[in-house]
Every structure is written in C-alpha cells, then in structure tokens.
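Geometric and topological summary
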Amino acid sequence: MSELKLFNSLTRTVEPFHPVHEGEARVYTCGPTVYNYPHIGNMRAYVFADVLGRTLSWKGYKLTHVINITDVGHLTDDADAGEDKMEKMAAERAQSIWDIAKHYTEAYWADVKALNIRQPAHWSVATDYIDEMLEFAKSIADKHCYELDSGLYFDVSTVEDYGRLARAVTEEGEGRIDTVEGKRNAADFAIWRKTPPGEKRQMEWDSPWGKGAPGWHLECSVMGEKLLGFPFDIHTGGIDHREIHHPNEIAQNQAFCGCGGLSEATNSGARFWMHNNFLVERSGKMSKSAGEFLRLQLLIDKGYHPLAYRMMCLQAHYRSELEFSWEGLGAALTRLKRMVMQVERWKDRHAERGGEAIEADAWKGHPKTREPLDRFDAAISSDLNTADALVMLDDVLSLKKIDPAIVLSAVARMDAVLGLGLLDLSRTDLRIRPKNAEITEAEIEDALERRKVARAEKDFATSDALRDELTAKGVEVMDGDPLGWEWKL
Ligand code: AMP
Ligand code: ZN
C-alpha cells in the first residue's frame, strides 16, 4: 500500500500520516450550527470529512470520528458581537431553541444519509458538554483570561504563535477583529459570554463569571479533548475556519495543555488541521440568509439524485474551489449514470455465470484489477486525490475478458472510499424526477408502451399523438439515445 500523505494547514505542506496511537485514527470535524438548513456548500465539508474517514478505515486504521452539533454559542458575527444564531432564529420563529435545534439537526442528518456520509462514532451536541466547558474554562482562566462586563475573554498574547494557522498578522489594527470595548488585543475572543443584566436568554447556565453561555470556540476544544484526547490525529473544517475559529481553538488547546509553540503540531491539540475549500455560486444564492438557497433538497426537488452532488464534489480536489452550476451537476449525474450502467452490465454477466457470492478479495487474484487498485491507492494516498481515483474506477469498469466477479469486487473495494453506492444504485434510481412534474412515471411508461404498439402496427398518427401528449407534459421521448434512455423529464 502507498503511504498516506495529507496536506496539513498548520505547516502548509503535504506530510506523511503517522497516527498518535498505533493502529488508530482519531478525527474531529466541526459540525453544523443547527439554526437553519445546511446548504450544499456546508455539505461539501462533510463529504470531504467522510472521504477522509473512509480512507483511514480503508487503510486499516481503527477510526474514531467525532462531528459536533453546535446548538449554542455561535454568534452572527465573528467578532464576538451580534446575537447567538440559535437565539435569534428562535426569537424570529417564536419557537424554543430546543425545537429549532431538533428540527435542523434532523434535516442535516437527512442530508448526511442522502449523501452516503457514514455515521461518525459520536455526534457530540454542544449543550451536553456545558460542565466540561466550565471545567476547561476554569483551568485556563487565571493564566490566560480576563473578565469584562460582557464575558470572560481569552488573551491571545498569552500563548506562543497565536494565529499561525491563519498566517495572520496579529498586531492590533492589522486585519484582526476588535469590536468589543476593553479587549486587550484585537484578536481576543470570548470563551464565556455573560447574559446582560436584566435580560434572560433561553439558553444560559451558571458560571463563576455569572449566568451566560459558552463561546463557540470553547465548545470544539472541549469536545475534541473529551472524546479524542489531546493530541488527536486530525481536525477538519471548511477553509473559513482556518482564519478565526481554528486559531482560537488552538490557542485554548495550548493554554489547556500548558505546552509551547506551534513548531510542534501536537501542541495545537491535533497533529493535522485539514480544510476543504469552498463551493461557490456566482449569484451567491447559497448563503443561508438569502431567500431560496441551495440546499440538497432543492437539488432533489429538481429531480437530481443526491449522489450526483457527491460525484460533483469527488471530481474536484477538496482543496480547490468548486463552482456550482446546474450544468456541472448534470454532467456529474451523467458520469454517475454511466458508471452505474457499466456496473449493471457486470452484474448481469455475473448472474449469467451463476451469480455466486463474490469474495471481497477477488480483485487481488488478477493483475488487471490489482494494477488499477494500486494506482487508486496511490491517488487517494496522495492527499485524497478523488478526481484521479475516479479515473482508476473508470479503468476497472471498462476492463474486457475478465471474470465479472473480479471486477465487481474491485468496484466494491474502490467504492468503500468513494461512497457512491455503485453496487446498490440502479439506472432508474438516477432518473431525473422533478417534484413539480405533471405526470407520473407509470403514466409515462404506459404511454410509451402504447406508442410502441402503435408503431409496430405502423399507426404513425397515434404514435405521433402520444409523443405530442408527452411533450406537452414535459417529457422528452428519446428514441435511439446512446445511453439507452427512453425518456427524460
Ligand atoms: P456552519 O454551519 O456555518 O458552521 O458551517 C458548517 C461547515 O461548512 C463548516 O466546516 C464551514 O467551514 C463549511 N462551509 C461553509 N460554507 C461553505 C462553502 N460554501 N463550501 C464549503 N464549505 C463550507
Ligand atoms: Zn469547531
């Protein structure tokens, strides 16, 4: 097997992965703030974390993956100003925060499932860890924090190399955040926010600094430490987290460990910090604050299978920006369809030969599958190059003169990393099915059957009339389509 190498944002280099604990891999992924639906850009972050987790499992590591659910503490503004996103939404909707959190957590999980993202070992919910957060905060308060009227603040000058992950200039006034009056350094941040006098928040807890709520950065430090122990192997998030959230987590972790600077990655709390780049959309509709934003359900309503979006993500390297377009999604869907059709043909051939149970390791027995799997391993080991890995999959699918059982075992082996569900999907699952279609699939099939009969009887008037009827309802009849489709909505 190739040696796994991953890009570490801390060092800005691709480094070999050596686990902290022999044979294990411990990964923490910053999860969603459940005040609204996730958009597909957010989901790119979890597809990336999933491919990373699958790769680690594939390489034989015992994986412990944590994804947190942020249900308190994330403010509308990164500079410790603004409101708590959860409180704000609950007030707007006149609902309890708990109901908001439940609804959007479930919506997020539905997307996770639809995208074939594996369940992590722990979904850690921030409000389940308030006691631990208070303990953590107390342990660093004396040496690293100071109190203002609005809360307990972390003094970033008390740790070495603050902001190194972001490559930020930290001198005051140089592009860093300020806003809260009385901060010692522009980049200082709240680890506990006090409820203002006379106010009552839906979510607040007692603390040595008064009633209030934890800061968002504190949550991730605490859940990472509690569930994975410092240092753990890999911390992931979107590229925006490289700038503020993760540098602040790192500062807290350094304080908690009482360790030195960041020339040693382990002092940061994790050995690797990995970040996916953004999914971008020209008209900016993806933003959660705009009216109709791009969430996975919108893609599904327009008739796209959610795994076409997963394919779209895999076609790009996670560290490059990816521009969303409906054409791009359509192309990804077509690619997935072609692969699924090839798999179906291999399955048919296998069935013709008796269809016996396929041994998982059958691919090892043949150089025609061993060789592309070696290249697949090299691609995925090279900082998760899924785009290249898909090409190796294409190579396997188009093999000739080989036992189908061997090919299918190779496909299963590759799909364990890619997670496209190639062996479970059928061609018809991938049919475009817009939610607002005026006609059902059964009606389409029925009309086409009648058209076939009419054509066989050379009754072209009826055949043309049926075709026009279908066209009027948005169905394109696709005689002689190279992919073998009879119709498209
Ligand atoms: P949030 O719920 O805002 O905390 O975001 C959840 C995750 O999505 C974080 O890891 C973000 O960094 C990531 N993220 C936000 N916007 C995008 C985007 N457009 N493309 C990729 N990842 C994103
Ligand atoms: Zn986080």
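All of these numbers come straight from a predicted model, not from anything done at the bench.

Quick look at the overall build of the protein now. Regarding its fold elements, the protein presents 14 helices and 15 strands. Taking the principal axes of its C-alpha atoms as reference, the protein extends roughly 90 × 55 × 35 Å. Within the span of the protein, comprising 489 residues, buried residues form 55% of the whole. Pairs at least 24 residues apart make up 74% of the contacts formed inside the protein by residues separated by at least 6 positions. Total accessible area on the protein stands at roughly 21,400 Å², and carbon and sulfur atoms take up 48% of it. Computed over 61 positive and 80 negative side-chain charges, the inter-centroid distance for the protein is 5 Å.

Here five strands make up an open sheet; going across it, the order is β5-β4-β3-β10-β11 and the pairing parallel. A single partner strand is all that each edge strand has here, and the edge strands are β5 (122-125) and β11 (270-276). When the angles between neighbouring strand axes are averaged without regard to direction, this sheet yields 20 degrees. Relative to strand β4 (residues 62-69), strand β3 (residues 24-29) is paired through six bridges, and the arrangement is parallel. Bridge pairing in β4 places V27 opposite H65. With respect to the sheet, helix α1 (residues 40-58) is in contact with β3, β4, β10 (232-238) and β11, its orientation differing from that of β11 by roughly 135 degrees. Packed on one face of the sheet, helix α3 (residues 97-114) meets β4 and β5 and runs near 145 degrees to β4.

Let us look at the coordination of the zinc ion (ligand 2). When a metal holds four donors in a tetrahedron, each ideal angle between them is 109.5 degrees; when it holds six in an octahedron, the ideal angles are 90 or 180 degrees. Around the zinc ion (ligand 2), the donor atoms from the protein are C30 (SG), C220 (SG) and H245 (NE2), and they sit 2.0 to 2.2 Å away. Expressed as a motif, the donor residue spacing for the zinc ion (ligand 2) is C-x189-C-x24-H. With C30 in the loop between β3 and α1 and C220 in helix α5 (residues 216-228), the pair connects residues that are 190 residues apart, well separated along the chain.

Another aspect to go through is the packing of aromatic side chains. Under the defined criterion, the tally for this structure stands at 17 aromatic pairs. With a centroid separation of 5.2 Å and an interplanar angle of 80 degrees, the aromatic rings of F17 and Y61 are classed as edge-to-face. You can see F17 sitting in the loop between β2 (13-16) and β3 and its partner Y61 sitting in the loop between α1 and β4, a full 44 residues away along the chain. Here the aromatic rings of Y46 and Y108 are separated by 5.1 Å at their centres, their planes lie at 75 degrees, and the arrangement is edge-to-face. Here the residue Y46 occupies a position in helix α1, and Y108 occupies one in helix α3, the gap between them amounting to 62 residues. Here Y46 matches Y108 in class, with each residue buried. Each residue in the set Y28, F136, F230, F232 and F256 is aromatic and connected to the rest through ring pairs, giving one cluster. Against the face of F7 rests R319, its NZ or CZ located 3.8 Å from the ring centre.

If you look at the biggest cluster of nonpolar residues, it comprises 115 residues, and the most contacted ones within it are I40, F154, Y309, L336, F376, L393 and L422. Discounting residues that sit within four places of it in the chain, I40 has contacts with L279, M286, L294, R295, L296, L299, Y309 and F324. A25, V27, F272 and L384 belong to the second largest nonpolar core, which has 15 residues in total.

This brings us to the domain arrangement of the protein. The domain architecture assigned to the protein consists of domain 1 (5-147 + 156-178 + 217-285), domain 2 (296-428) and domain 3 (437-488). Using only C-alpha atoms to locate each centre, domain 1 and domain 2 end up separated by 30 Å. Counting residues at the interface gives 31 residues for domain 1 and 33 residues for domain 2. Together, the buried faces of domain 1 and domain 2 total about 2,900 Å²; carbon and sulfur atoms form 59% of this surface. Considering only the surface of domain 1 that becomes buried against domain 2, I40, R44 and W58 emerge as the three largest contributors, covering 26% of it.

Residues lying three or four places apart along an α-helix face the same way, a consequence of the helix completing one turn every 3.6 residues. Taking 1.5 Å per residue as the helical rise, helix α12 (residues 404-418) with its 15 residues ought to reach 21 Å, and the 20 Å between its terminal C-alpha atoms agrees with that figure. Most of α12 sits out of view: 12 of its 15 residues are buried. Along α12, the positions that sit buried rather than exposed are P404, A405, I406, V407, L408, S409, A410, V411, M414, D415, V417 and L418. Here the buried face of α12 lies against α1, α8 (306-315), α9 (326-352), α10 (367-381) and α11 (386-397). If you check the start of α12, you find a side-chain oxygen 2.9 Å away from the backbone N of A405, and it comes from D403.

In the neighbourhood of ligand 1, 19 residues make up the surrounding shell, with G41, N42, G238, D240 and L279 lying closest. Here a nitrogen atom of ligand 1 and a side-chain polar atom of N276 are 3.3 Å apart. Interatomic distance of 2.8 Å between a backbone N/O atom of L279 and a nitrogen atom of ligand 1. Taken by itself ligand 1 offers 490 Å² of open surface, and the protein chains cover 93% of this. Secondary-structure elements contributing two or more residues to the shell around ligand 1 are α1 and β10. No other element matches α1, which puts four residues into the shell around ligand 1.

Thresholds applied
- By convention here, each chain's residues receive numbers from 1 onward along its written sequence.
- Both sets of labels track the order of writing: A upward for chains, 1 upward for ligands.
- Selection of residues for local features in this predicted model requires a pLDDT of at least 70, selection of side-chain atom pairs for listing and counting requires 80 or more, and totals for whole chains, interfaces and linings are taken over all residues.
- Calculated side-chain values reflect all of the structure's heavy atoms, with hydrogen atoms and water omitted.
- Working definition: helices are DSSP H or I runs of at least four residues, strands are E runs of at least two. Numbering for both runs from the N terminus.
- Remark: exposure states derive from per-residue accessible area (1.4 Å probe, protein chains only) relative to the maximum for the residue type, with buried under 20%, exposed over 50%, and partly exposed in between.
- Pairs of residues are marked as contacts when any of their non-hydrogen atoms sit within 4.5 Å.
- Methods summary: accessible areas were calculated by the Shrake-Rupley approach with a probe of 1.4 Å, and residue burial reflects only the protein chains presented.
- As used throughout, the charge tally considers Lys and Arg to be positive and Asp and Glu to be negative, leaving His and the chain termini uncounted.
- For the purpose of locating charges, the reference atoms are NZ of Lys, CZ of Arg, CG of Asp and CD of Glu.
- Two strands make a pair as long as DSSP finds a minimum of two bridges between them.
- Angles here are taken between N-to-C directions and fall from 0 to 180 degrees, while the axes themselves are lines fitted to C-alpha atoms, restricted in helices to the stretch in contact.
- Distances define the donors: N, O and S atoms within 2.8 Å of the metal qualify, as do those within 3.2 Å of Na, K or Ca. Water is excluded, so some sites may look unfinished.
- Paired rings are identified among Phe, Tyr and Trp, the last through its six-membered ring, by centres lying within 6.5 Å, and are further divided according to the angle between planes into stacked (under 30 degrees), edge-to-face (over 60) and tilted (the rest).
- Put simply, a charge is over a ring when the Lys NZ or the Arg CZ is close to the ring centre, within 6 Å, and near the line of the ring normal, within 35 degrees.
- By nonpolar core is meant a set of buried Ala, Val, Leu, Ile, Met, Phe, Trp, Tyr and Cys residues that side-chain atoms within 4.5 Å join together.
- Either an automatic procedure or a domain database provided the assignment from which the domain bounds are taken.
- The term buried area denotes the loss of accessible surface (1.4 Å probe radius) that occurs when two parts are joined, taken as the sum for both partners.
- Multiply 1.5 Å by the residue count of a helix minus one, and that product is the helix's expected span.
- Any pair of N or O atoms that falls within 3.5 Å is considered a polar contact. Within protein, one atom must be able to donate a hydrogen and the other to accept it, and sequence-neighbouring residues count only if both atoms are side-chain atoms.
- Here a residue is near a molecule or strand as soon as one of its heavy atoms is found within 4 Å of it.

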